[in-house]
Amino acid sequence: MTNLRGYRASRVVTCDPKIANGSNELGVIENGVVVIDDARVAFVGRESDAPPVRNWTDCGERVITPGLIDAHTHACWAGSRHDEYVARMAGGDYRAIAAAGGGILSTHRAVMAASEDELVHQLTGRLSRMLRLGVTTCEVKSGYGLVADAELKQLRAIARASKMPNLPHIVPTFLALHAVPPGVDRDQYVASVVNETLPAVAREQLAQFVDAYIDANAFTAEQGRAIATAARAHGLGIRMHVGQFADIGGAELCADFSAASADHLEHIGDAGIERLAAAKTHAVLLPTASFLLRQAPPPIDKLRAAGIALVVASDANPGTAPTESLPLAMALAVRLYGLTPAEAILGATRNAANALRLGDRGVLASGNWADLCVWELPHEFAILQPWGVSRTERVVCSGIEDRARSRPSADMTTKASSPASRERESVTKSREGEGSRPPRKNPR
Ligand SMILES: [Zn+2]
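If you're wondering where the values come from, they're calculated on a predicted model, not measured in any experiment.

Undergrad: Just to check I follow, could you spell out the sheet that holds strand β12 (residues 282-285) for this structure?
TA: Strand order in the open sheet formed by 8 strands is β6-β7-β8-β9-β10-β11-β12-β13, and the pairing between neighbours is parallel. Only two strands of the sheet have a single partner each, and these edge strands are β6 (68-70) and β13 (310-312). Across this sheet, the average inter-strand angle for adjacent strands is 25°, counted without regard to direction. Bridge count between β12 and β13: 3 bridges; the pairing is parallel. From the neighbouring strand, A283 faces β13, where its bridge partner is L310. Lying on the sheet, helix α7 (residues 221-233) is in contact with β8 (169-177), β9 (209-214) and β10 (237-242); it crosses β9 at an angle near 175°.

Undergrad: Honestly, helix α12 (residues 326-335) in this entry has me stumped. Any pointers?
TA: Given 3.6 residues per helical turn, the α-helix brings residues three or four places apart onto the same face. Of all 10 residues in α12, 8 are buried, a share of seventy percent or more. What α12 keeps buried is the set L326, P327, L328, A329, M330, A331, L332 and A333. Among the structural elements, β6, β7 (135-141), β12, α10 (287-292), β13 and α13 (341-347) are those in contact with the buried residues of α12.

Undergrad: So what exactly am I meant to see when it comes to the packing of helix α5 (residues 148-162) against helix α6 (residues 186-203) here?
TA: Between two packed helices, what matters for the description is the angle formed by their axes and the separation of those axes. Where α5 meets α6, the closest approach of the two axes is 10 Å, and the angle between their N-to-C directions is 25°. Judged by the inter-axis angle, α5 sits roughly parallel to α6. Like other packed secondary-structure pairs, α5 and α6 cross with a definite hand, here right-handed. Facing A148, E151, L152 and L155 of α5, the residues of α6 in contact are E196, T197, A200 and V201. For the contact of α5 with α6, the residue count by class is 5 nonpolar, 1 polar and 2 charged.

Undergrad: What is the right way to look at the packing of α6 against α7 in this model?
TA: Running from amino to carboxyl end, α6 crosses α7 at an angle of 15°, the nearest separation of the two axes being 9 Å. Between α6 and α7, the interaxial angle falls into the category roughly parallel. In the packing of α6 onto α7, the handedness of the crossing is right-handed. On α7, the residues that touch V190, V193, V194 and L198 of α6 are Q223, A226, I227, A230 and A231.

Thresholds, definitions, all that
- Residues numbered from 1 in each chain as written.
- Predicted model: local features only at pLDDT ≥ 70, side-chain atom pairs only at ≥ 80, totals over all residues.
- Pairing = 2+ DSSP bridges.
- Helix = DSSP H or I, 4+ residues; strand = E, 2+ residues; numbered from the N terminus.
- Axes fitted to C-alpha atoms, helices over the stretch in contact; angles between N-to-C directions.
- Contact = placed C-beta atoms within 7 Å.
- Buried ≥ 20, exposed ≤ 12 C-beta atoms within 10 Å, placed from the backbone.
- Parallel < 35°, antiparallel > 145°, perpendicular 65-115°, else oblique.
- Left-handed = near helix turned anticlockwise from the far one by under 90°.
- Nonpolar A, V, L, I, M, F, W, Y, C, P; charged D, E, K, R; others polar.

This is how it looks when you write it as structure tokens:
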């Protein structure tokens with residue numbers, strides 16, 4: 001007997017470019033099914049074409065999407081910056097707060113003081129909450145340790161979390177240049193990161209990407225170039241914080257290195273846009289940060305017209321994006337940045353996967369990871385509307401449902417099914433045998 005499990009729903013949003021077309025941008029299959037074989041998707045389409053399935057979960061008038069992918073977070077941190085938030089809301093300036101030892105340096109002190117175990121504890125708490133919001137893959141940066149030992153401590157904490165069950169897949173990024181630690185010369189610091197920290201990170205295989213904060217109040221494009229050159233020499237991918245406060249050539253630097261993504265882009269000129277488009281570098285948009293900082297949006301119309309793939313991410317961090325919610329970032333991308341609902345959904349699924357160089361998720365298609373969300377909503381565009389609430393009914397990550405959110409299936413059948421689906425032979429029993437199966441390790 002097959003071990004295949006299936007989910008039925010009135011709208012299966014595949015995000016699959018092979019299914020999508022001009023009038024169906026998201027590749028929606030109405031009254032579709034997703035069939036899972038252990039940790040992978042085995043089939044997506046119509047039930048009449050599906051292979052024999054042992055257990056069906058009938059989601060009724062619900063939406064199934066790929067699991068969300070948060071392509072830019074700083075989720076590994078300790079401490080609290082509520083005082084700074086209060087000061088900022090009373091008119092304090094980001095750069096003045098940073099100059100007074102707040103901002104990144106405040107979290108740096110807290111991360112320095114925290115044990116690796118404490119960082120794991122904080123990070124896994126955040127990741128489990130993100131999973132319930134629908135996030136099944138999460139990029140996590142270091143960047144608060146700043147000095148080599150503390151950066152490695154952060155990255156080891158991220159590596160430990162990535163092996164734990166019942167959390168999103170993790171993509172680790174070494175944020176090589178975020179701020180200069182107190183009392184250290186800037187150029188010497190960049191040299192030490194290039195010559196010591198980055199090689200140590202590569203040696204321990206603690207990161208897939210290297211990031212740097214290229215901006216007027218941070219590091220120059222030339223300093224970023226030194227980091228990107230070293231990252232490339234160690235075979236690591238490149239993504240960068242670019243143009244949050246000023247255009248100082250970060251986009252051109254990203255293009256020079258065919259970076260996977262250029263992130264922020266509130267300030268980017270036409271030449272930079274042209275170069276990013278030619279390099280096929282993704283634009284990662286972070287509307288929660290610009291919302292908090294009361295900034296004008298990036299030039300979305302120009303990015304779109306240039307054909308640059310748009311990604312939406314939470315930027316989850318303790319200062320400028322105090323949220324763990326990718327759905328909130330998606331809602332703000334529509335409200336503040338003028339993305340269409342379809343763009344926001346693709347920006348947190350297919351485009352986010354591509355920006356992280358992951359070809360096995362972000363699209364519901366056979367062979368991909370069995371990462372999906374069942375939304376307690378009648379239409380995928382409704383995902384963009386309710387702010388600050390979690391509307392996932394089930395989150396499935398590598399084939400395993402997040403149990404805290406899963407409801408008894410009988411409940412689903414009575415409350416959620418359409419009359420038609422109730423008539424179907426519903427084998428919507430609890431997922432047989434799953435309870436006795438040990439939790440699968442996170443595959444990344
Ligand atoms: Zn960031």
